[in-house]
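# Inside the fold
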Amino acid sequence: MEKEISQAVIRRMPRYYRYLGELIDSGIERISSNDLSARMNVTASQIRQDLNNFGGFGQQGYGYNVNNLYEEIGKILGLNEEHNIIIVGAGNLGQALANYIEFEKFGFLIIALFDINPDLKDSTVRGIPVFMSEELDDFVRRKRVDIAALTIPRAKADTMANHLVDLGVPAIWNFANVDLELSDKNVMVENVHLSDSLMQLSYNIVKNKKEKKTG
């Protein structure tokens, strides 16, 4: 039976991958857990524990080979495969996602957008076609779709998400600012609440002001 990895560990893996990529760009070939800890603001012990969940990868007295660790974490995250994405909702947010070319560097290929606005029919975003919503079912049945990004109003999100589940889409990337209730619990969902990040930032701003006043 495969070992169950906590979501907290999984959430840290993309950060490791991103920092290791920056080290490669800087020409650094190896790094210790202590040096990586200083860069990432995560304890060296935590780094070792996280990586030990997947085999460790380090050598005592040497540390980590940056390129090897980058490749191994990429495999853990599935970045050695291509993932086809559709975007449901071709408004400002949907088009912004389609225009973000960095996704392709990690194997995430946006292959289509869908919308109900007839003015968008036969248009493209960065060369990616925009289809009408009534074309969605046929498209998903004909093409391999690994992830559907929802950038639609929250009132329509549950219905659309469950429709995509019925069509066989295995993962939903949800920007609709509502936690989805899916009929199939095996479908992967990542809820992205942009306002939550702003609220956390607001908290830290207020906290910092209070500390300056009392400091």
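Residues numbered from 1 in each chain as written. Predicted model: local features only at pLDDT ≥ 70, side-chain atom pairs only at ≥ 80, totals over all residues. Heavy atoms only, no water.

### Things to note about the overall build of the protein
- For the protein, the count of helices and strands is nine helices and nine strands.
- Seen through its C-alpha atoms, the protein measures out along the principal axes to roughly 60 × 50 × 35 Å.
- Taking contacts inside the protein between residues at least 6 apart in sequence as the whole, the part at least 24 apart equals 54%.
- Per element, the accessible surface of the protein, about 13,400 Å² overall, is 49% carbon and sulfur.
- For the protein, the distance from the average site of its 24 positive side-chain charges to the average site of its 29 negative ones is 9 Å. (Helix = DSSP H or I, 4+ residues; strand = E, 2+ residues; numbered from the N terminus. Contact = heavy atoms within 4.5 Å. Areas by Shrake-Rupley, 256 points an atom, 1.4 Å probe, with all protein chains shown as cover. Lys, Arg positive; Asp, Glu negative; His and termini not counted. Charge placed at Lys NZ, Arg CZ, Asp CG, Glu CD.)

### What to know about the confidence of the model for the protein
- Per-residue pLDDT for the protein has a mean of 91; in total, 97% of the residues score no lower than 70.
- Summarising per-element confidence for the protein, the mean pLDDT is lowest in helix H9 (residues 194-214) (87) and highest in strand S3 (residues 83-88) (98). (pLDDT = per-residue confidence, 0-100.)

### Section: the side chain of Ser37
- Take Ser37: it is sitting in helix H2 (residues 33-40).
- A distance of 2.5 Å separates the side chain of Ser37 from the backbone oxygen of Val42, its partner in a polar contact.
- Of the polar contacts made by the side chain of Ser37, one reaches the backbone nitrogen of Ala44; its length is 3.4 Å.
- Ser37 has contacts with Val42, Thr43, Ala44 and Ile47, leaving out every residue within four places of it along the chain. (Polar contact = N/O pair within 3.5 Å; in protein donor to acceptor, adjacent residues only side chain to side chain.)

### Considerations on the pairing of S3
- Burial analysis of S3 places six of its six residues in the buried class, the great majority of the element.
- Here S3 shows a buried face lined by His83, Ile85 and Ile87 and a second buried face lined by Asn84, Ile86 and Val88.
- Judged from the six bridges that link them, S3 and strand S4 (residues 108-115) form a sheet pairing that is parallel. Across the sheet, His83 pairs through a bridge with Phe108, a residue of S4. (Buried < 20%, exposed > 50% of the residue type's maximum accessible area, 1.4 Å probe, protein only. Pairing = 2+ DSSP bridges.)

### Quick word on the packing of helix H1 (residues 7-25) against helix H4 (residues 66-76)
- Running from amino to carboxyl end, H1 crosses H4 at an angle of 145°, the nearest separation of the two axes being 9 Å. In this structure, H1 crosses over H4, and the sense of that crossing is left-handed. Between H1, through Met13, Tyr16, Tyr17, Leu20, Gly21, Leu23 and Ile24, and H4, the contact on the second element is made entirely by Val66, Asn67, Leu69, Tyr70, Ile73, Gly74 and Ile76.
- Residues of the contact of H1 with H4, tallied by class, amount to eleven nonpolar, three polar and no charged. (Axes fitted to C-alpha atoms, helices over the stretch in contact; angles between N-to-C directions. Left-handed = near helix turned anticlockwise from the far one by under 90°. Nonpolar A, V, L, I, M, F, W, Y, C, P; charged D, E, K, R; others polar.)

### Focus: the sheet that holds strand S5 (residues 124-125)
- An order of S5-S6-S4-S3-S7-S8-S9 is seen for the seven strands of this open sheet, with the pairing classed as mixed. This sheet does not close on itself; its edge strands, each paired only once, are S5 and strand S9 (188-191).
- Relative to strand S8 (residues 171-174), strand S7 (residues 147-150) is paired through three bridges, and the arrangement is parallel. Paired with Ala149 across the two strands is Trp173, which belongs to S8.

### Remarks on the packing of aromatic side chains
- Applying the stated criterion across every chain, the model contains eight aromatic pairs.
- Geometrically, the ring pair formed by Tyr17 and Tyr70 is stacked, given 4.1 Å between the ring centres and 10° between the ring planes. In this pair, Tyr17 is assigned in helix H1 and Tyr70 in helix H4, connecting sequence segments 53 residues apart.
- With relative accessibility at 12%, the residue Tyr17 sits in the buried group.
- Between Tyr100 and Phe103, the ring centres sit 4.7 Å apart and the planes meet at 70°, which makes this aromatic pair edge-to-face.
- A relative accessible area of 44% places Tyr100 in the partly exposed class. (Phe/Tyr/Trp six-rings, centres within 6.5 Å; stacked < 30°, edge-to-face > 60°.)

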